[in-house]
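Single-letter residue listing:
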Amino acid sequence: MAPVPENRIRPVNEAPVVPNGGFVLYWMTAARRTERNFGLQRAVEWAVELKKPLVVLEALRCGYPWASDRLHRFIMDGMADNRARLKKKPVLYYPYLERSLGEGKGLLKALSDLACNVVTDDYPAFFLPRMLEAAGKLLPIRLEAVDSNGILPLAATDRVFLTAFSFRRFLQGELREHLRSVPTKDPLSRASVPPPPVLPRKLMTRWPPATEALLRGDAAGLGAFPIDHRVEPAAIRGGAKEASAALTRFLRHRIGRYAEEGSHPDSEVTSGLSPYLHFGHVSSHEVLARLTRYEKWSVRRLGVKATGGRSGWWRMSDGAERFLDQLITWRELGYNMCSKRTDYAEYDSLPEWAKETLGKHEKDPRPHIYSLDEFEAAHTHDPLWNAAQRQLLQEGRIQNYLRMIWGKKILEWSPSPREALEVMIELNDKYALDGRDPNSYSGIFWTLGRYDRPWAPERPIFGKIRYMSSRNTARKLRLRDYLERYSG
Ligand SMILES: Cc1cc2nc3c(=O)[nH]c(=O)nc-3n(C[C@H](O)[C@H](O)[C@H](O)COP(=O)(O)OP(=O)(O)OC[C@H]3O[C@@H](n4cnc5c(N)ncnc54)[C@H](O)[C@@H]3O)c2cc1C
């Protein structure tokens, strides 16, 4: 097993590793999976080196922003999967579900008082960076954060990329090396670590590990958590198994049509992987490995020239090239921003030209103005917008192309761009399974000009921001079935 690359490991504190501790603790927070996970792999490396057992803590608080039945259900599905997979492995898997606000406080510290060191996941958005920093100060032993987020390590560059083109060109120069240092498929398969420890009864009684039945969680089980029960579970289930099935469906039936039909709501040819990528139930390394096998591709085929062009560099099929541009260029562009700028979700992080043009048109009369409640309830005059919002309410997702229209219209129908931003973040992060992700902020801020350029002609409200209309979308795309399905 090749070691985890050094530029993926970040010491969070300066506390020592305690060699006579009882075990190595892997605190799974963002890469919630057992395969192709650099964090777990690093924890295994430590366990082997220190000749200590391994404990994997996967916890779910109930006080995180937008906590709801929908998000809890999806995360718990992943925990049930991890539990089943780790049952056969030489580790102690400790799934913990907080039953009341603050009940979980103290668990990480109590475990770390018994451990040699702690390894956790690095993640650049939502509350996780703050949580990690606080843990670094709290823990008396070494805490390392491991970056398993994407194909390019976050530390591979200090630059913040302002366009997809410049990032793509950078990737085309850099990626070859990183495509060769991939996480091990199953870091526990041949690991020689001592048998799992027995944890003190007092600790297990105070913070009881979640049972299999609770993780399977029916409505009554979810009902007991102090979270938002009005946001109901989505039809799709979470976890590595479901992620793998979605990827298989995509490769078998959709990728061949992805380049031509990816934008058409009635075609449904995109992968649907974003919730699984968001919760770490699948890694982009796994997606890439499966795709390259399907394409019978190897790194030797890569293009040499870094032109920044959207196609031709991978030398794969059209669908695969288009898909990789989303999965790697666009997805990791958002991670790049969040890992370098703490203001990634603030209005003032927009490019100057965008703020200037939006400011100039801030007082323009709006044809319609809706409140957050009206947007949320899909009560606008526009059937296409309402359909997209209903899909979000019911399924926790919006079809790719319509998600852009959805954001653009919130800008058009809000009293100001700042209020539009607040509405987009609130609705996206509350209802979308893939929300609260670096790409939530890429997508939302893109509708306001991030990663884009000024467009002519200058228009009311939008100024030089790219304009999109529902009428043009309805003309260009096949969406009859979509409108019918989400007609309300
Ligand atoms: C207003 C708005 C809000 C958005 N909010 C989110 C969000 O909360 N979470 C999120 O993951 N994406 C978000 N996006 C980006 C994009 O809409 C979704 O990633 C995509 O629709 C997910 O569907 P899929 O998995 O079927 O994508 P596929 O087309 O199958 O693409 C594969 C993967 O590539 C990545 N990807 C695809 N398109 C984009 C994109 N435009 N930007 C960045 N990464 C991309 C995703 O990880 C996706 O799963 C948003 C876009 C807009 C315009």
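Residues numbered from 1 in each chain as written. Predicted model: local features only at pLDDT ≥ 70, side-chain atom pairs only at ≥ 80, totals over all residues. Heavy atoms only, no water.

Undergrad: Got a minute to help me understand the site of the ligand in this structure?
TA: As a structural note, the neighbourhood of the ligand is formed by 22 residues, with Tyr-258, Thr-270, Ser-271, Asn-400 and Ser-440 the closest of them. In the model, an oxygen atom of the ligand is placed 3.1 Å from a nitrogen or oxygen of the Ser-274 main chain. For the ligand, the protein covers 93% of the area, taking 820 Å² as the surface of the free molecule. If you list the elements that add at least two residues to the shell around the ligand, you get helix H10 (274-278), helix H12 (318-340), helix H16 (400-412) and helix H18 (438-446). Broken down by class, the residue content of the shell around the ligand amounts to 8 nonpolar, 11 polar and 3 charged. (Near = heavy atom within 4 Å. Polar contact = N/O pair within 3.5 Å; in protein donor to acceptor, adjacent residues only side chain to side chain. Areas by Shrake-Rupley, 256 points an atom, 1.4 Å probe, with all protein chains shown as cover. Helix = DSSP H or I, 4+ residues; strand = E, 2+ residues; numbered from the N terminus. Nonpolar A, V, L, I, M, F, W, Y, C, P; charged D, E, K, R; others polar.)

Undergrad: Please explain the pattern of salt bridges as it appears in this structure.
TA: In the structure shown here, the tally under the stated rule is 32 salt bridges. Ionic pairing is found between Glu-35 and Arg-85, a salt bridge with its closest N-O pair at 3.9 Å. On the criterion of sequence distance, the pair formed by Glu-35 in the loop between strand S2 (24-28) and helix H1 (38-50) and Arg-85 in helix H2 (residues 69-87) is long-range, its members being 50 residues apart. On the basis of relative accessible area, Arg-85 is assigned to the partly exposed category, the value being 28%. When the shortest N-O distance is used, the salt bridge between Arg-341 and Asp-343 registers 3.0 Å. Through salt bridges that share partners, Glu-35, Arg-36, Arg-85, Lys-185 and Glu-286 make up one connected network. (Salt bridge = Lys/Arg side-chain N within 4 Å of Asp/Glu carboxyl O. Buried < 20%, exposed > 50% of the residue type's maximum accessible area, 1.4 Å probe, protein only.)

Undergrad: I'm lost on the packing of aromatic side chains in this one. Help?
TA: To describe a pair of aromatic rings, you give the distance between the ring centres and the angle between the ring planes. Applying the stated rule across the entire model yields 21 aromatic pairs. Considering the side-chain rings of Trp-66 and Phe-126, the 6.2 Å spacing of their centres and the 15° angle between planes classify their relative orientation as stacked. Of the two residues, Trp-66 sits in the loop between strand S3 (54-60) and H2 while Phe-126 sits in the loop between strand S5 (117-121) and helix H4 (128-138), which places them 60 residues apart along the sequence. With relative accessibility at 25%, the residue Trp-66 sits in the partly exposed group. Relative to Phe-323, the ring of Phe-250 has its centre 4.6 Å away and its plane inclined at 40°; by these criteria the two rings are tilted. Of this pair, Phe-250 sits in helix H9 (residues 240-261) while Phe-323 sits in helix H12, and the two are 73 residues apart along the sequence. Exposure class is identical for Phe-250 and Phe-323. Each is buried. Taken together, the ring pairs connect Tyr-370, Phe-375, Trp-385, Trp-406 and Trp-413 into an aromatic cluster. (Phe/Tyr/Trp six-rings, centres within 6.5 Å; stacked < 30°, edge-to-face > 60°.)

Undergrad: Just to check I follow, could you spell out the nonpolar core for this structure?
TA: Taken as a class, soluble globular proteins show a tendency for nonpolar side chains to be buried jointly. Leu-54 and Trp-314 are the most contacted members of the largest nonpolar core, which totals 130 residues. Tallying contributions element by element places H12 first for this core, with 9 residues. Contact partners of Trp-314, with chain neighbours within four places excluded, come to Leu-175, Leu-179, Leu-288, Trp-297, Arg-301, Leu-302, Glu-321, Leu-324 and Ile-328. Listed in part, the 22 residues of the second largest apolar core include Val-118, Leu-132, Ala-135 and Leu-199. (Core = buried A, V, L, I, M, F, W, Y, C linked by side-chain atoms within 4.5 Å. Contact = heavy atoms within 4.5 Å.)

Undergrad: Mind showing me how you'd approach unusual backbone geometry here?
TA: Negative phi characterises most residues that are not glycine, and trans characterises most peptide bonds. With an omega dihedral of -5°, the bond running from Ala-456 to Pro-457 counts as a cis peptide bond. With respect to the secondary-structure elements, Pro-457 resides in the loop between H18 and helix H19 (470-476). Backbone geometry places Arg-36, a non-glycine residue, at a positive phi of 40°. Assignment of secondary structure puts Arg-36 in the loop between S2 and H1. In this structure Arg-36 comes out as buried when scored by relative accessible area, which is 12%. Phi is positive for Trp-66, which is not a glycine, with a value near 65°.

Undergrad: Explain the environment of Ala-377 to me, please; I cannot follow it from the model alone.
TA: Locating Ala-377 in the fold gives a position in the loop between helix H14 (372-376) and helix H15 (383-395). In this structure, the C-alpha to C-alpha distance between Ala-377 and Arg-390, residues 13 residues apart in sequence, is 8.1 Å.

Undergrad: Which parts of the structure should I look at to understand the pairing of strand S6 (residues 143-146)?
TA: Strand residues, when the strand is regular, have side chains that alternate between the two faces of the sheet. Burial of S6 is two-sided: the residues Leu-143 and Ala-145 facing one way and the residues Glu-144 and Val-146 facing the other way are all buried. Sheet analysis places strand S1 (residues 9-11) next to S6, joined by 3 bridges and oriented antiparallel. Within the sheet, the bridge partner assigned to Arg-10 lies in S6 and is Ala-145. For the handedness criterion, the β-α-β arrangement of S5, H4 and S6 is classed as right-handed. (Pairing = 2+ DSSP bridges. Right-handed = clockwise from strand over helix to strand, strands pointing away.)

Undergrad: So what exactly am I meant to see when it comes to the domain arrangement of the chain here?
TA: How large an interface is tends to be reported as the accessible area lost when its parts come together. Under the domain assignment, the chain is made up of domain 1 (1-148), domain 2 (240-340) and domain 3 (347-485). Between domain 1 and domain 2, the C-alpha centre-to-centre distance is 28 Å. Of the roughly 1500 Å² buried between domain 1 and domain 2, counting both surfaces, carbon and sulfur atoms make up 61%. Considering only the surface of domain 1 that becomes buried against domain 2, Arg-36, Phe-74 and Pro-124 emerge as the three largest contributors, covering 39% of it. Here domain 1 and domain 2 share 1 salt bridge between them. (Domains from an automatic or database assignment. Buried area = accessible area lost by both parts, 1.4 Å probe.)

Undergrad: Honestly, the packing of H9 against H12 in this entry has me stumped. Any pointers?
TA: One way to put it is that H9 packs onto H12 with a least axis distance of 7 Å and a crossing angle of 90°. Regarding the angle of H9 to H12, the classification is roughly perpendicular. Contacts between H9 and H12 involve Phe-250, Ile-255, Tyr-258 and Ala-259 from the former and Asp-318, Gly-319, Ala-320, Arg-322, Phe-323 and Gln-326 from the latter. Of the residues belonging to the contact of H9 with H12, the class tally is 6 nonpolar, 2 polar and 2 charged. (Axes fitted to C-alpha atoms, helices over the stretch in contact; angles between N-to-C directions. Parallel < 35°, antiparallel > 145°, perpendicular 65-115°, else oblique.)

Undergrad: Looking at this structure, I do not really get the packing of helix H11 (residues 284-294) against H12. What am I missing?
TA: Each pair of packed helices gets described by two things: the angle between the helix axes and the distance between those axes. Here H11 crosses H12 at 165°, and the two axes come no closer than 12 Å. One finds that H11 runs roughly antiparallel with respect to H12. In this structure, the crossing between H11 and H12 has a hand that is left-handed. Of the residues in H12, those touching H11 at Ser-284, Val-287, Leu-288 and Leu-291 are Ala-320, Phe-323, Leu-324, Leu-327, Arg-331 and Glu-332. Tallied by class, the residues present in the contact of H11 with H12 amount to 7 nonpolar, 1 polar and 2 charged. (Left-handed = near helix turned anticlockwise from the far one by under 90°.)

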